[in-house]
Amino acid sequence: MNVLLCADEGYARHGAVVMASAMANASRADQLRFFLLTPGLEENTKDRLHALVEAAGAVLHIIEVDVQELQGVKAGRFGVAALLRLLMHRYLPEDCERVIYLDCDTLVLGSLEDLWNLPLAGDVAAAAMDLCNPSSKNTRRDPDNYFNSGVMLVNLVAWRNGRVAEQALAFLEQNGEGLRYPDQDALNQVLDGKWRRLSADWNFQPTAYAAVEKRYAHLIQYLPDLEAAIRYPRIVHFIGAVKPWHATCVHPLQDDFIAYSNLTPWPIRKAALRSTLPLGKRLRLALKRPKIRRRRKLTRS
């Protein structure tokens with residue numbers, strides 16, 4: 001099973017958590033072949049990542065990407081590392097006909113095997129709908145058919161033959177200014193009508209909690225799927241500016257990410273995180289704990 005991540009030096013340690021969780025939940029970790037595209041990593045970081053993956057019997061290829069052609073592409077607040085996946089077809093080997101792409105702010109809580117074996121037929125990729133709240137849904141032309149690109153199963157042969165990357169980069173050159181999610185918007189434009197919908201448990205997004213609790217009208221037809229994903233998420237996606245490695249994180253599954261970080265060379269210490277906060281912020285977090293605990297209980301451990 002080919003699994004792709006993209007990270008610079010700042011995100012490599014978080015990508016390590018993703019890989020550790022995927023290996024821990026695999027029926028056989030030695031079936032996993034990881035690829036990490038990067039604009040560059042320190043040698044010590046490379047050594048630690050290799051040791052982590054190889055100790056479990058899996059394989060890791062760290063591939064440095066020439067980002068020169070991406071320097072002028074508008075990537076917004078995400079930076080050039082967010083665009084690396086567009087170039088996957090150039091750097092992954094020819095025998096790699098399909099690949100699971102994972103953002104470095106995801107956490108694998110189930111075997112990737114069912115996702116890997118999903119038939120794509122004529123589709124280029126499989127992805128889950130991007131969940132949005134009522135205020136942001138009106139900013140999208142067709143929110144029901146807009147996918148989140150943080151978790152994708154990609155038919156790499158179709159990706160190459162369809163020149164997906166070239167079309168996406170051309171779209172960004174012409175329309176990149178002001179896009180909220182440049183690479184994701186570009187992929188949605190290029191793959192319109194060419195992607196298969198995944199169930200929400202493969203890309204469990206935090207908006208699902210509010211959608212179920214408040215019964216968002218625009219997501220009402222998807223509530224059974226969202227409720228099932230809350231109970232048994234297979235891949236958690238920590239969408240948003242505040243991540244599980246941040247002191248102010250209130251995601252109900254933050255502790256799960258922290259637990260898997262302890263399997264890597266970069267363990268997260270929650271107490272140390274919180275100690276960096278001023279008293280006022282710590283008190284505000286304390287007030288949110290009942291809601292966090294209530295939501296966490298909805299997920300079956």
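Scroll up to find the structure this text is about.
Novice: Help me understand the overall build of the chain in this model?
Specialist: Broken down by element type, the chain carries 13 helices and nine strands. Since a compact globule built from 301 residues should have a radius of gyration of about 19 Å, the 19 Å found for the chain is in line with a globular shape. Out of the 301 residues in the chain, the part that is buried amounts to 53%. A separation threshold of at least 6 residues defines the contact pool for the chain, and within that pool the share at least 24 residues apart is 77%.

Novice: Help me understand the sheet that holds strand β4 (residues 98-102), please; the structure alone is not making it clear to me.
Specialist: Hydrogen bonds between backbone atoms are what pair the strands of a sheet, whose relative direction is either parallel or antiparallel. The sheet built from seven strands is open, its strands ordered β3-β2-β1-β4-β7-β6-β8 with mixed pairing. Looking at strand neighbours, the two that pair on one side only are β3 (59-64) and β8 (195-198), the edges of this open sheet. Recorded for the sheet is a direction-independent mean angle of 25 degrees between the axes of neighbouring strands. Sheet topology note: the strand β6 (residues 125-129)/strand β7 (residues 147-155) ladder contains five bridges and is antiparallel. Within β7, the position partnered with A127 by the bridge is M152.

Novice: How should helix α13 (residues 279-296) be read in this particular structure?
Specialist: Along an α-helix, residues three or four apart share an orientation, since each turn contains 3.6 residues. A rise of 1.5 Å per residue sets the reference length of α13, with its 18 residues, at 26 Å; its end C-alpha atoms lie 25 Å apart and thus fit the reference within 8%. Largest kink in α13: about 40 degrees, centred on K288, with the proline P290 one to four residues after it. L285, I292 and R295 are the residues of α13 that are buried. Tucked inside the fold, the buried residues of α13 contact α9 (207-214) and α12 (270-275).

Novice: Would you mind going over the pattern of salt bridges with me for this structure?
Specialist: Two side chains carrying opposite charge are able to pair once their charged atoms lie near each other. Tallying each qualifying case throughout the model produces 12 salt bridges. Across the pair R234 and D201 runs a salt bridge, and its minimum N-O distance is 2.9 Å. Remark: D201 occurs in the loop between β8 and α9 and R234 occurs in the loop between α10 (223-231) and β9 (235-237); sequence separation between them is 33 residues. Among the salt bridges present, the one from R295 reaches E213, with a minimum N-O distance of 2.7 Å. Residue R295 is found in helix α13, and its partner E213 is found in helix α9; the two are separated by 82 residues along the sequence. Classification of R295 as buried rests on a relative accessible area of 13%. A relative accessible area of 36% places E213 in the partly exposed class. When salt bridges with common partners are traced through the structure, they connect D114, D201 and R234 into a single cluster.

Novice: Looking at this structure, how should I read the nonpolar core?
Specialist: The nonpolar side chains of a soluble globular protein tend to be buried with one another. The biggest cluster of nonpolar side chains holds 39 residues, and the ones touching the most others in it are L32, F34, L49 and L112. In terms of residues, this core owes the most to one element, helix α1 (residues 12-24), which gives six residues. Each residue touching L49, except ones within four places of it in the same chain, is listed here: A12, A16, M19, L36, L41, L60, I62 and W266. Membership of the second largest hydrophobic core comes to 37 residues, among which are L83, L86, L87 and F171.

Novice: Explanation requested: the pairing of β7 in the structure shown.
Specialist: A large share of β7 lies buried, amounting to nine of its nine residues. Judged from the five bridges that link them, β4 and β7 form a sheet pairing that is antiparallel. Within β7, the residue paired with V99 across the bridge is V154.

Novice: How should the environment of L120 be read in this particular structure?
Specialist: Here L120 shows up in the loop between α4 (113-116) and β6. Along the backbone, L120 and L153 are 33 residues apart, and their C-alpha atoms lie at a distance of 8.6 Å. Sequence-distant contacts of L120, that is, excluding residues within four places in its chain, are made with R98, A125, A126, L153, V154 and N155.

Novice: Honestly, the packing of α9 against α10 in this entry has me stumped. Any pointers?
Specialist: When two helices pack together, you describe them by how their axes are tilted relative to each other and by the distance separating the axes. Contact geometry of α9 with α10 gives a least axis separation of 10 Å together with a crossing angle of 125 degrees. Looking at the two axes, α9 sits oblique to α10. The element α9 and its partner α10 pack so that their crossing is left-handed. Each of A208, Y209, A211 and V212 in α9 lies in contact with α10, whose residues at this interface are L223, L226, E227 and I230. Residue classes in the contact of α9 with α10 are distributed as seven nonpolar, no polar and one charged.

Conventions adopted
Every chain is numbered independently, its residues counted from 1 as its sequence is written. Local features are withheld for residues below a pLDDT of 70 in this predicted model, meaning they are given only at 70 or higher, and side-chain atom pairs are given and counted only at 80 or more; totals for whole chains, interfaces and linings count all residues. Just so you know, side-chain values use all the structure's heavy atoms and leave hydrogens and water out. Strands are runs of DSSP state E lasting at least 2 residues, helices are runs of H or I lasting at least 4, and numbering of each runs from the N terminus. Here the globule rule reads 2.2 Å times residues to the power 0.38, and the radius of gyration is calculated from C-alpha atoms. The buried label applies to any residue whose accessible area, calculated with a 1.4 Å probe on protein chains only, is under 20% of its type's maximum; exposed applies above 50%, and partly exposed to all values in between. Only heavy atoms enter the contact rule, under which two residues are in contact if any of them lie within 4.5 Å. Only strands that DSSP links by at least two bridges are regarded as paired with each other. Every axis corresponds to a line fitted to the C-alpha atoms, with the helix fit spanning only the stretch in contact, and the corresponding angles, defined between N-to-C directions, vary from 0 to 180 degrees. Residue count minus one, scaled by 1.5 Å, sets the expected span of a helix. Note that bend, as reported per residue, equals the angle between axes fitted to the 7 residues terminating at that residue and the 7 residues originating from it. We define a salt bridge as a contact between a side-chain nitrogen of Lys or Arg and a carboxyl oxygen of Asp or Glu at a distance within 4 Å. Among the buried residues, those of types Ala, Val, Leu, Ile, Met, Phe, Trp, Tyr and Cys that are joined through side-chain atoms within 4.5 Å form a nonpolar core. Comment on the angle field: the value is read as roughly parallel under 35 degrees, roughly antiparallel over 145, roughly perpendicular from 65 to 115, and oblique elsewhere. Each crossing gets its hand from how the near helix is turned against the far one by less than a right angle, where anticlockwise is left-handed and clockwise is right-handed. Three classes are used: nonpolar for Ala, Val, Leu, Ile, Met, Phe, Trp, Tyr, Cys and Pro, charged for Asp, Glu, Lys and Arg, and polar for all others, with Gly counted as polar.

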